[in-house]
Amino acid sequence: MLCYQYKQAPYLNVPNPVPSYVVAFRGTITKPDSRARDIKLDLQFVLNGLTRCSRYKAGLQAIEGLVFQVCPSNVWLAGHSLGAAIALQAGKHMAKRGCYVETYLFNPPFSSLPLEKIKDPWLKDGIRYTGSLLTAGLATLVKGISSSIGSITGAATHGPQSNDPFLGLYSWVPYLLVNPADPICLEYVGYFEYRDKMVAMGRGGIERIAAQNSIVSLVSGMMGRDGGAAHLLHSAFVTSNMSPAEDFKKAHGIHQWWSPRPYWHSKFYQLRLSV
């Protein structure tokens, strides 16, 4: 994690607003001194356990301290790859508390198989629809069980549905920068497009439940372990780099985002509060 303080040179004419601080999280480094720790964090991300890791907790503590000192509008978050996942979870945590911190995520990983790689659109949508039905069904079942236990014992339950995961996230819009040639992040494009398609087909009710949950998160919640999937977002501004990539290193690299390109495509996504 790096924290930069912005100090404008007197000869630069930079438009406002600009942040006083940028908190940036690095991605996975494969050098011997950090490889094992970073790979462990990558596995924790897949299992939705990133928020239980010390690197995330230390970063969140630093963000909270800065926001307390200078207010949310003077702090930006940024991250690449694994660092984008950490920044995303930290931004979601702050947003749920009503504190909206501007967040830029470069090649953020998506914790599922890259279904966008499937060429057959019917097969691809069929797999996604099946996943939505399973997730929505399991979420409804878990919520019913939690409510029944609560009514019997007279105690509050702490299942995955005791609090709406989207509470506070509607007005927070992170910026996601992805490359369709990068299998680590490309699923974000298909994920948001599929949500819009479900609403257009009149199945928004199913998708709204599915979009707030993941099967891994639901199972973890039943086991008493907190941790939501990073991609469970209400809103996002997604920029895709549509330029051809020579290889994975180019598609996933941070260098592609150093300056705007004419072949970038941007789109705003937001799941309606009611359908």
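A short tour of the structure in this document, coming up. Counting from 1, residues in each chain are numbered in the order their sequence is written. Confidence filtering applies because this is a predicted model: local features only for residues at pLDDT of at least 70, side-chain atom pairs given and counted only at 80 or more, and all residues used for totals across whole chains, interfaces and linings. By convention in this description, side-chain values take in all heavy atoms of the structure and omit both hydrogens and water.

One can find His234 in the loop between helix H7 (215–222) and strand S6 (235–241). Residue His234 is classed as buried on the basis of its relative accessible area of 2%. Note: C-alpha distance between His234 and Tyr269 (35 residues apart in sequence) is 8.1 Å. Counting from the N terminus, the helices are the DSSP runs of H or I reaching at least four residues and the strands are the DSSP runs of E reaching at least two. When a residue's accessible area, from a 1.4 Å probe over protein chains only, is under 20% of the maximum for its type it is buried; when over 50% it is exposed; and in between it is partly exposed.

Okay, the side chain of His252 next. Considering the arrangement of structural elements, one finds His252 in helix H8 (residues 248–252). Judged by its relative accessible area of 10%, His252 is buried. Beyond its immediate chain neighbours, meaning those up to four positions away, His252 contacts His80, Ser81, Asn107, Asp182 and Ile184. Any two residues having at least one pair of non-hydrogen atoms within 4.5 Å are treated as being in contact.

Okay, helix H3 (residues 82–96) next. Helical periodicity: at 3.6 residues per turn, an α-helix aligns residues three or four positions apart in one direction. Each helix should span, by expectation, one fewer than its residue count multiplied by 1.5 Å. Its 15 residues place the ends of H3 22 Å apart at the C-alpha level, agreeing with the 21 Å of an ideal helix rising 1.5 Å per residue. Burial analysis of H3 places 13 of its 15 residues in the buried class, which makes it a mostly covered element.

Despite not being glycine, Cys71 shows a phi value in the positive range, around 75 degrees. Of note, Cys71 is situated in the loop between helix H2 (54–70) and strand S3 (75–80). Judged by relative accessible area, Cys71 falls into the partly exposed class, the value being 33%. Non-glycine residue Asn107 carries a positive phi angle of around 50 degrees. Overall, Asn107 belongs to the buried group, its relative accessible area being 0%.

With that settled, the discussion passes to the pattern of salt bridges. What counts as a salt bridge is simple: a side-chain nitrogen of Lys or Arg found within 4 Å of a carboxyl oxygen of Asp or Glu. In this structure the tally under the stated criterion is 8 salt bridges. Here Arg55 ties to Asp38 by a salt bridge, and the two come within 2.8 Å at their closest N and O atoms. Separated by 17 residues along the polypeptide, Arg55 in helix H2 and Asp38 in helix H1 (residues 35–46) bring together distant segments of the chain. Taking relative accessible area as the criterion, Arg55 reaches 22% and is therefore assigned partly exposed.

The subject of this paragraph is the nonpolar core. Joining through side-chain atoms within 4.5 Å is the link that ties buried Ala, Val, Leu, Ile, Met, Phe, Trp, Tyr and Cys residues into a set, and such a set is a nonpolar core. In this structure, Ile63, Leu77, Leu176 and Phe192 are the most contacted members of the largest nonpolar core, which totals 42 residues. Among the elements that line this core, the one with the most residues is H3, at 9 residues.

Our focus in this paragraph is the packing of H2 against H3. All axes are obtained by fitting lines to C-alpha atoms, using only the stretch in contact for helices, and the reported angles, taken between N-to-C directions, cover 0 to 180 degrees. Following both chains from N to C, one finds H2 and H3 inclined at 50 degrees, their axes separated by 10 Å at the closest point. Put simply, H2 runs oblique to H3. Crossing handedness for the pair H2 and H3: right-handed. Where H2 approaches H3, its residues Arg55, Tyr56, Leu60, Ile63, Glu64 and Val67 are matched on the opposing element by Leu82, Ile86, Gln89, Ala90, His93 and Met94. Gly falls in the polar group here, along with every residue not listed as nonpolar (Ala, Val, Leu, Ile, Met, Phe, Trp, Tyr, Cys, Pro) or charged (Asp, Glu, Lys, Arg). For the contact of H2 with H3, the class distribution of residues is 8 nonpolar, 2 polar and 2 charged. Orientation categories follow fixed angle ranges, with anything under 35 degrees roughly parallel, anything over 145 roughly antiparallel, 65 to 115 roughly perpendicular, and all other angles oblique. In this scheme the crossing of two helices becomes right-handed for a clockwise turn of the near helix relative to the far one and left-handed for an anticlockwise turn of less than a right angle.

Let's shift gears to the packing of aromatic side chains. Ring geometry is summarised as follows: Phe, Tyr and Trp rings, the Trp one being its six-membered ring, pair when their centres sit within 6.5 Å, and such pairs are stacked at plane angles under 30 degrees, edge-to-face over 60 and tilted between the two. The tally for this structure, following the rule as stated, stands at 9 aromatic pairs. Taking the centre distance of 6.3 Å and the plane angle of 20 degrees together, the rings of Tyr188 and Phe192 count as stacked. One end of the pair is Tyr188 and the other is Phe192, both in helix H5 (residues 187–200) and 4 residues apart, which spans about a single turn. Judged by centre distance (5.1 Å) and plane angle (65 degrees), the ring pair of Tyr191 and Phe192 falls under edge-to-face. Here the two residues Tyr191 and Phe192 agree in accessibility, since each one is buried. Ring pairs connect the aromatic residues Phe110, Tyr188, Tyr191, Phe192 and Tyr269, which therefore count as one cluster.

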